[in-house]
Structure formats: C-alpha cells, structure tokens
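Fold and contact review
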Amino acid sequence: MLVLLSKLTPRNVVSASENAFKGIFTSLPKPGGGEFGKFYSLPALNDPRIDKLPYSIRILLESAIRNCDGFQVTKEDVEKIIDWEKTSPKLVEIPFKPARVLLQDFTGVPAVVDLACMRDAMNRLGSDSDKINPLVPVDLVIDHSVQVDVARSENAVQANMELEFQRNRERFAFLKWGSNAFQNMLVVPPGSGIVHQVNLEYLGRVVFNTDGVLYPDSVVGTDSHTTMIDGLGVAGWGVGGIEAEAAMLGQPMSMVLPGVVGFKLSGKLQDGVTATDLVLTVTQMLRKHGVVGKFVEFHGAGVGEISLADRATIANMSPEYGATMGFFPVDRVTLQYLKLTGRTEETVAMIEAYLRANNMFVDYNEPQQERVYSSYLQLDLSDVEPCISGPKRPHDRVTLKEMKSDWHSCLDSKVGFKGFAVPNEAQNKVVQFSFQGQPAELRHGSVVIAAITSCTNTSNPSVMLGAGLVAKKAYDLGLQVKPWVKTSLAPGSGVVKKYLDKSGLQEYLNHQGFNIVGYGCTTCIGNSGDLDESVGAAISENDIVAAAVLSGNRNFEGRVHPLTRANYLASPPLVVAYALAGTVDIDFEKEPIGVGKNGREVYFRDIWPSTQEVAEAVQSSVLPEMFRSTYEAITKGNPMWNQLMVPNDKLYSWDPTSTYIHEPPYFKNMTMDPPGPHSVKDAYCLLNFGDSITTDHISPAGNINKDSPAAKYLMERGVERKDFNSYGSRRGNDEIMARGTFANIRLVNKLLKGEVGPKTVHIPTGEKLSVFDAAMKYKTAGQDTIILAGAEYGSGSSRDWAAKGPMLLGVKAVIAKSFERIHRSNLVGMGIVPLCFKAGEDAETLGLTGQERYTIELPSKISDIRPGQDITVRTDNGKQFTCIVRFDTEVELAYFNNGGILPYVIRQLILQ
C-alpha cells in the first residue's frame, strides 16, 4: 500500500505558542478572501541585514525561526544566521531541520535496516520501540534497479523489470514492509523513474502547508545528487544515510554556516549548444574556484534565459563541482514548470503568494536588491562551447574541437587521470574479430558503450528530444550505429517516453539501438550489464583502451564498466553522435561521422539540430497531462509490486539465511552508558592511498567480481554466480558489504608497489591478501588499523557503506590531506576518527611508507576535545607529526563520545 503525499505529516513542528518568535507568526491572505495559512514572516523582523542575505541562507533562517524551541534551536542560532555576512567566515555552527528526507532504494534499504535494528535495540533496553518512527516525511523512491541485461529490444523495459523483481524480490518486500511498519514513509515502487527526477516532477512541494502552517520545502537525501531539486528553488543536498536517519527521527542536523558563492549569469547560449555543455563548463569553473562546503547561488539576467530543466541539470552536478548545493531561487520560470508538471493552479498560487510575502521570490521584472556573497563568479552564456568531460573525471572538460588532440595526448601520457601510457607503436592497432557472425573491429578509442542515462540529463526535454533529432537525421541520411556498440536509453521518468512517442522520435532512437531499457539509474551507477563475449575478449586480449560515452555525471575509472578505461560524459545528442561515429578519436569539425546513402560522407553538422528545431519539438511534445497521468499511475503501484505480500509486524523478523537483508551488529552490546573517546594504539596501516580515492573505490556499487570475498560468501550459501546481483542491491546485508569494502578492481594501494586491485599487504606477515581477509586477520589478533590517504578522500556518491564498511573492518582512523564533505561526516557518524595532515604535509613529505605502526593520542574525556584541535600522531620508528582532528562541531563530538550517531539517537530517545 502506498502512502499518499497528503498523508505525510511532519510531527516535529514547534507550536507557535512555544516559539520565541511567535510575534512574527502572521496570516497570509488569499486574494479573494480567506487565508492560505499562517507563516513566520521574515520582513516582520524589520532587520535590514535580512534584505542582503542570499536566498539560500534565508531558507536556513526561516527553518531556525520556525523550529526555535530554545533547546535544539535557540535565539542565538537565529542571530548567527541573520548576521551571516559576519559569522560565516568564522565557521560558526548552526542547527538545521530539513522539511523532509529523500531516500532511494540502494540507500533506503540500509536506512530501513538501521531503523529496524534501532527498534530492536530500544526493545532490548526496555524502552518503547515505537519511538523509532520518522517525524518528518520520508520519500523513498526505488530507482537504482535497472541492470541493462536486455538492451536492443522492443520489450526491454518489461524484460528488465521481470529480471529485477526476480533478483530483488526480497529487498523490495523489505521496503514494502518498512512503508507499513513506519509512519510518515512513502515508497514509490520500481519502474517509476530516477529518484531525483521524481523529486523534481512530483515530490517537490516548494512550499509546505502543514496544519495551516506555511514554510519552504527543504530536503536532505542519501544520494549526493539530491541537489537536483535546487533547480526548483528547494534547498536540498546529499547527506550520509546515517545523518539522514537522525534527521528522520527529529534530530537537528549540525552544520557549519556556509559561505555562498554568487554566480552571475548573463547573455544566452549559442545555437546548438546544450545544457550539458553549460553544466560541464560551470563544473570546471567552480572546481577551479573552490566551492567545497559552500552554497553556490545563481543570479543575474542570464538565469531567466535558462529553462527549469537546464537549471536542474546544473544543480544536479553540485557534487561534481564540490558545492553543498547549486541553488536557483524561485521565479516565474519555476512557477511555469510547476504548472507544466501538473501541480494545481491553487497550489502554485499559494507557493507564489507565500514566497513573495516572505521575500523569497525573484522577479526579474523588478529592481533587484543587491545581495552580499562570500565570493563572486560570472559567465556569459554565449561563451559556452560544445564539450565533453573525461576520460576519468567529471571536471576534466574537453571542447569538441580539441577532442581528437586531447585523446592522443591521453594515449601518450603516463597512467593517470589524463593518461593511458599506450606505446607509440601500439596506438594505431586494429583488432579484427567476429561479432555474431559478422566482421567487426576495434581500436583504441572505439566506443563500446553509448548510454543515455542518469539523473543529470535524461528528463531534460531539450536534450532528450535533441538526441531523438540526431537519431532521425542520421537515419534519414543512411547512418546506423554499429551493432557491437552497446546502446541503451534509461529515461529519468515515464514522462520522457510519452513526449518521445508524441514527437515520433522514439522510433528513430530505436532504429539506432537506443531502446528504452527501464526507468532508473543504469550505466552511470555501473549497471551497464555485460558486453558481448566477443567484444570483451577483443578488448582484454589486445589491451585495447575502449571507450564509453554516457550522459551521466560520474565517469570514475572502473565505475561504468571494468573493460572501458576511457569514459566520457556528454549530452544525450552527443552520446548518439559518438555512437554513430563509433570512436572518440575523431575531429567532428573535419572528419565525417560515417558514410550514408549513395556513398555520401556525413558530417556532424549534417545531423546536429538547431536550437530552434529543439525548441519547436519541446513546445509541441511536452504537455502537462503527461506528468499528471504518469504520477497518478505511481500511486497505484504496478502489478508485480502490488502482488508482494509482507507481514504487518512492527518488529522485523530477521532471516539468518538471507543474503539480502541481515541484522548488522551495530547495537548488539549497547548499554545506556556512552563508551567515550577512544585513542588508537600501535595501529597497522591497512591501506596507503594517494589522491582522489572515491566512495566507488571504498564501497563499489557495481557487479560482484567472481573472485572476491563477497562472491565466496555468496557461493558458500548456495547463490549461483548469475544471481550475485550488485553490491548496491545487497546493501541490506552487512556481511556482504564488509567483504565488498575496498573491493574495487581499480584500487591503487601504495603498499602493493604498483599493482592495481583490491588487495593489500598484511604487515606482520608480509602476506598479500584481499583487503577483507587482511582486516579480519588484524581484527582477530586485536590489532587496530588506520588508513593513509591523499586529497579529496571519499569524493563521489554519498555512500554510508563507505563509512560502515571500514568500521566493520576494524578501521579506527583515516589520516588524509582532505576529505569530501559528506564522507567525513559519515566517518564521524560511524565512530571513525578523521584526521587531516597539516597544510603542505602528507604521507610522502613526512616519509611515511605505511609499514609503520601508528598511535593517535586523544584525551580520555570528551570535554577535553575541541573541534579542529591539533592531535599528535606517533609511529613506532620514532616519527612524530601533528594532524587536525576533523570533528567540526560540538554535536559531532557528542556522536563520537557515543560510538556514533545512531547510538547517540537511541540514548536521547530513551531519555526523553
């Protein structure tokens, strides 16, 4: 049974009579009489500082005022936010209570597992287990479940859906149990769309009306691309699953009041330039500027020239440029989009009235109040050029006109983010092979995967219809994608199919092999499925640097497919163009894409649609009724989902034989007394890393390798290889996820002295073992372990298992040059100590090899530890150096004192 949006009622809104700001609680009248509701009026504070605040900070301010109970949120917290211009440079701490929490199934399963475990723990400790219930609306969208096993087929959607239900029935049933067992939880069944697109088109409220109280929608989600909703004027960002669970249970999120980068846009995009070209340009600019831990707020007349879908594309990529969010305040374009996507006239009128009354609406027809920002950037949209990004990182942008020379530079360069070290004499190698009985060939740069996928682009009508126009023009000219290129189309929502069908362009995408395979994350998350055996053999036996081109947001090595070492992010129409060309080693300006009818050479310019052509297709094909009918169907579920039978018990009955859902050991020996801080004594180095170790390296989401510890565990329990499924789908089983920690096949561990793979050296014996086996050997011997790392440790997707896994392996601390924001928070949440080397220092400059033993002395009393204080680290060979302990707030210290955030929450709930 599905919970309708109207039934999701927050239960932790502070009553107006108890609120310190009850004097500004006022009515919002309707134009024709009556009122929309009551709200906390920012203008009524009569404070000129508020008029200068960025819009994104005003949302934090309103939340603090509305939730000001003098305990979790105080008047002092409100004053810090009002005085943002002076306080944000000081890195002050504030509490934030989001209006709701967003989950998708990969992260939703472990969240529901943890909630179920917390109920059990409350029960064991003699307290009311019903206290474990979400206090804010929780929207859980089952989307990460499309493995592209069936691609070029008219019935691909149904076939893939049946396969997903076969593989994931137990996981889906567990989530359905959760939606019944816990209050305030909506579950959107599989096959509905990608979580972020469903959030944008359907779940995003923009303004809540709860029991007559109006307030801005805000959301934290367990996927880093939750930021897509910022394009709708809803403040949202990714957090760890651990933080999200605490937010669900009514705990305020402790955060450092962020600086805000003002990004001014002017002009308009040139003809033929796409939203993806813009977002890759913005990503590169912001990475260079440095925006980690900051908000980015877009403003200026150029914003009015950008469609809502294009704004959402830019906002979606916030994790790739490093910002907490990329925010577009609500304006007329936002209101038009709300109407287009089926929101009622009355709802849109309420949203506009509230935001105007509370000075949160931007009207570009009126004089603009000058806002203050922490730093400033600007871009003339007319300067944006067609581009792609790769071959290994989202911010390594390459313009199309430079692509061929850049590719050859990558072949020449030493192995790294922009290099493959292919010897000069091997660069022109041609491998001929037989593909399903017909001759085929591959070279370095040959495209073997071309996927229109991911939440970034696949529900942006301009680029999706643009892809259809490219496919049609190519078909009309006689071009065809080679059959050994694995093509797929996974739209962000069911609406896309409706407008592609109405435009007549889906037919031409099908002709080129871009059949719809499902509605969810596919290739971008590593669910590209197997390549044909003949293609795989041609690549691996000849050491070919094969390429994937996808319209996604992540292209880290090993993520898309083990056999594609070069992975490029591109707009959907460019994905089709590169699939037709069959290679990334091409100059689209000068070289033909292929030979069409009558032997005529066909060039890129012959198949590329104009901006006007795309606009006409959008105008005639994208209709409000499409959104309404699609989301009405969501609330009814689908036959396979509706047939799942689940128990009605409030406590979950754990099945010890299950390989999908397993009770983790987090609370097994928990008592009411917090364990207190722990020092690290004579720890061995489990792994020694360089820069840019991502959460994909730490906790891969893709396929389970047949030779891995996780595979061994599954086979010992009678699971056949064909049923292994992915790590992502098994996140509800801690035994598998612990074995999958650091199981990425592209892991580079300095202890292995150049060897690549998921292994390490067990220092006491010198044995080379899988990371899991080495960790268990240390753990059995009662020996602590730590990890050494470089810059940007934990970048990529917000993955709570990237912190839970190391904790289960016995890792006590990570010493790095710098951390990705969410991952650092997750480490704290699981009781792991994050430490940063001092500026200018790292393992290499300090002469650390990872062969040493490490002692990290922390004070025994939590009151003696301060956020960001210096800590001394000593090694057994006499070295000594100072690190900064990255507990950033007092609340994080409380979590550490309790052994993590979840034990802290349990103790707090019992004491209430």
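Residues numbered from 1 in each chain as written. Predicted model: local features only at pLDDT ≥ 70, side-chain atom pairs only at ≥ 80, totals over all residues. Heavy atoms only, no water.

An unreviewed UniProt entry annotates the chain as Aconitate hydratase originating from Salvia splendens. According to the UniProt record, the Sequence similarities (unreviewed entry) comment for the chain is "Belongs to the aconitase/IPM isomerase family." (UniProt positions renumbered as here; feature names shortened; annotations may be inferred.)

Before going further, it helps to examine the pairing of strand E27 (residues 759-762). Within a regular strand, the side chains alternate between the two sheet faces. One ladder, built from 4 bridges, connects E27 with strand E28 (residues 767-770); its direction is antiparallel. The partner of Thr760 across the bridge, within E28, is Leu769. (Pairing = 2+ DSSP bridges. Helix = DSSP H or I, 4+ residues; strand = E, 2+ residues; numbered from the N terminus.)

Read across the open sheet, the 5 strands follow the order E6-E5-E4-E9-E10; overall the sheet is parallel. The open sheet is flanked by strand E6 (185-188) and strand E10 (235-238), the only strands paired with a single partner. Each neighbouring strand pair of the sheet contributes to a mean axis angle of 20°, computed without reference to strand direction. Where strand E4 (residues 100-104) lies against strand E5 (residues 138-141), 4 bridges are found, and the strand directions are parallel. If you follow Val101 over to E5, its bridge partner there is Val138. Set on the sheet, helix H5 (residues 105-124) makes contact with E4, E5 and E6; between it and E4 the angle comes to about 115°. (Axes fitted to C-alpha atoms, helices over the stretch in contact; angles between N-to-C directions. Contact = heavy atoms within 4.5 Å.)

We now examine helix H8 (residues 241-248). Burial runs high along H8: 8 of the 8 residues are buried. For H8, every residue scored as buried is listed here: Gly241, Ile242, Glu243, Ala244, Glu245, Ala246, Ala247 and Met248. Once H8 finishes, Gly250 follows within two positions and takes phi at roughly 90°, a positive value. (Buried < 20%, exposed > 50% of the residue type's maximum accessible area, 1.4 Å probe, protein only.)

The subject of this paragraph is the pattern of salt bridges. Using the criterion set out here, one finds 49 salt bridges in the structure. The partner of Lys722 in a salt bridge is Asp723, with the nearest N and O atoms 3.2 Å apart. When its relative accessible area of 58% is taken as the criterion, Lys722 is described as exposed. Across the pair Asp842 and Lys817 runs a salt bridge, and its minimum N-O distance is 3.8 Å. Here Lys817 lies in the loop between strand E30 (811-816) and helix H29 (821-829) and Asp842 lies in the loop between strand E31 (833-837) and strand E32 (853-856), a separation of 25 residues in the sequence. If you follow the salt bridges from partner to partner, you end up with Arg332, Glu352, Arg356, Asp363 and Glu366 in one network. (Salt bridge = Lys/Arg side-chain N within 4 Å of Asp/Glu carboxyl O.)

Another point: the side chain of Glu297. Relative to the helices and strands, Glu297 resides in strand E13 (residues 295-299). A residue is classified by how much of its surface remains accessible, and Glu297, at 0% relative accessible area, is buried. One polar contact links Glu297 to Tyr373, side chain to side chain, over a distance of 2.9 Å. Each residue touching Glu297, except ones within four places of it in the same chain, is listed here: Pro54, Tyr55, Ser56, Val260, Val261, Gly262, Phe263, Phe327, Pro329, Arg371 and Tyr373. (Polar contact = N/O pair within 3.5 Å; in protein donor to acceptor, adjacent residues only side chain to side chain.)

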